[in-house]
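Residues per chain, in single letters:
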Amino acid sequence: MAAAQRGDKTAYEKLLIEIAATIDHYLRARFGPAEFIDDITQECLLSIHKGRHTYDAGRPFRAWLFAIVRHRAIDFLRRRGANIPAGTGNFDADAQTRPGTDESTAIVEASLMLSQLSSEHRDVIVRTQYFGYSAREVGAQLGISTAAVRVRLHRALRHARQLFATEDDTQQ
Amino acid sequence: MNTPDKTIRMLVDDLTPTGGPIRTGRCAVAWLIVTILVTAVCMALIQPFRPGVIEQFLATPRFTIEILLGLVVCIGLAHAAFRLGIPDTRSPRRRARVSLVMLAIWLGLFAFAILAPVFPSSNDGERPLCFLEVLVYALPFTIAGLVIVRRWMPLDAAGTGAWMGFAAGLIPAWLMQLACMHAPLHNLYFHLAPTLGTAVVGAWLGMWLLRRR
């Protein structure tokens with residue numbers, strides 16, 4: 001990144017290719033083979049490009065990179081949760097039935113992350129992010145107000161973000 | 001060529017050299033010095049500082065410690081607020097751990113002063129609208145700090161705004177120890193409590209100013 005900050009295009013290309021693969025792996029480990037992974041990866045790459053001047057070579061690169069990736073992923077899921085039409089699931093359902101593949105491993109890892117959330121938080125994330133129901137529809141399903149769903153989703157995503165942060169700190 | 005590859009190609013073509021690394025510490029100290037000087041001048045223009053405050057500062061070690069510790073807290077929290085402009089996986093609370101401990105000790109000193117006053121409470125130098133002054137002085141410097149941080153990459157708009165508002169509010173609150181009447185409870189209620197308000201206003205300003213462009 002230091003070379004890229006000096007304008008070295010070859011180093012920058014190499015870095016972005018490696019970063020794209022890392023982000024892809026990071027997101028698949030958390031969300032499984034979801035269709036939006038490429039979109040988030042692309043958003044992350046754009047953010048990294050826009051914010052490359054903020055990287056300080058004297059500080060850990062991973063902490064800088066994953067802070068951007070995590071925030072962009074959560075931003076994306078939030079926006080998507082608000083816009084997605086109902087009933088369009090994001091996960092490749094067949095992949096969940098193929099044991100031993102990367103996808104099934106990713107699903108297990110995503111499930112492990114979800115299992116650390118409370119049942120209320122897990123439920124609201126699954127309904128809005130995986131099955132694509134709107135806050136109003138989830139409210140009707142659960143018998144609570146739309147505002148309550150939004151508050152619950154906000155808290156669930158915040159908790160998920162904290163779990164990511166703990167994982168990153170452990171990895172570092 | 002898939003989409004990420006196309007994006008990478010486009011970004012590489014767009015690459016231009018950036019300047020040296022951002023010195024958040026230097027920016028924070030510069031912001032702090034300007035904020036302290038301008039706030040102190042404005043406060044003095046509205047009403048002179050408390051009579052005999054220099055003698056109190058030189059002659060009373062506990063008061064000296066309170067003032068110096070307050071300055072350390074202001075420096076630490078200003079630096080923490082500016083650091084939020086740089087992406088990092090560590091939470092703001094974790095990054096500002098030392099400053100928050102200092103803040104707790106500083107508040108502890110005021111609480112202790114309720115039981116054992118540093119010197120007898122008096123109304124000398126009383127400023128009728130000191131709590132309002134804290135709010136008003138903090139506002140432009142919160143905005144100024146956020147405008148500086150905006151050029152970097154603050155990921156949490158509301159959080160950065162709240163920290164900046166809190167740091168900006170602490171400076172007039174700290175100066176009020178020198179400018180306003182000396183009474184521990186008055187200090188807590190009318191000088192330090194408004195910093196919670198400046199943090200809320202800062203969060204709102206952060207959402208407004210730092211929203212993704």
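To be clear, the structure that these remarks concern was listed above.
These remarks concern the structure in this document. Not measured: the values here are computed from a predicted model.

What to know about the overall build of chain B
On a plain count of helices and strands, chain B comes out with ten helices and zero strands. Across chain B, helices and strands are ordered from the amino to the carboxyl terminus as α-α-α-α-α-α-α-α-α-α. Counting every position in chain B, which comprises 213 residues, the buried fraction comes to 49%. Contacts in chain B between residues far apart in sequence, at least 24 positions, make up 86% of those at least 6 positions apart. One way to put it: in chain B the 18 positive side-chain charges average out to a point 9 Å from where the 10 negative ones average out.

A short note on a nonpolar patch on the surface
Residue and element names in this part refer to chain B. On the surface, Phe 112, Ile 114, Leu 115, Leu 129, Phe 131, Leu 132, Leu 135, Val 136, Leu 185, Tyr 189 and Phe 190 cluster together to form a nonpolar patch covering roughly 1,000 Å² of accessible area. Where the nonpolar patch is concerned, the elements lending two or more residues are helix H6 (97–115), helix H7 (130–150) and helix H9 (184–192). The element best represented in the nonpolar patch is H7, accounting for four residues. Within the secondary structure, Leu 185 is located in helix H9. Judged by relative accessible area, which is 42%, Leu 185 ranks as partly exposed.

So, the interface of chain A and chain B
Every contact between the two is made by 39 residues of chain A and, on the other side, 32 residues of chain B. Counting each side, the surface lost to burial between chain A and chain B is near 3,100 Å², with a carbon and sulfur contribution of 60%. Put simply, chain A and chain B have one salt bridge between them. In this structure, Arg 9 of chain B and Glu 13 of chain A form a salt bridge, with 3.0 Å as the shortest nitrogen-oxygen distance. Connecting chain A to chain B are seven residue pairs in polar contact (both at pLDDT 80 or more). Elements represented by at least two residues in the side of chain A that touches chain B include exactly helix H1 (2–5), helix H2 (9–31), helix H3 (37–50), helix H4 (61–83) and helix H8 (146–171) of chain A.

Basis of the calculations
Residues numbered from 1 in each chain as written. Chains lettered and ligands numbered in written order. Predicted model: local features only at pLDDT ≥ 70, side-chain atom pairs only at ≥ 80, totals over all residues. Heavy atoms only, no water. Helix = DSSP H or I, 4+ residues; strand = E, 2+ residues; numbered from the N terminus. Buried < 20%, exposed > 50% of the residue type's maximum accessible area, 1.4 Å probe, protein only. Contact = heavy atoms within 4.5 Å. Lys, Arg positive; Asp, Glu negative; His and termini not counted. Charge placed at Lys NZ, Arg CZ, Asp CG, Glu CD. Patch = residues over 30% accessible without salt bridge, like charges linked within 9 Å, V, L, I, M, F, W, Y side chains within 5 Å. Areas by Shrake-Rupley, 256 points an atom, 1.4 Å probe, with all protein chains shown as cover. Salt bridge = Lys/Arg side-chain N within 4 Å of Asp/Glu carboxyl O. Buried area = accessible area lost by both parts, 1.4 Å probe. Polar contact = N/O pair within 3.5 Å; in protein donor to acceptor, adjacent residues only side chain to side chain.

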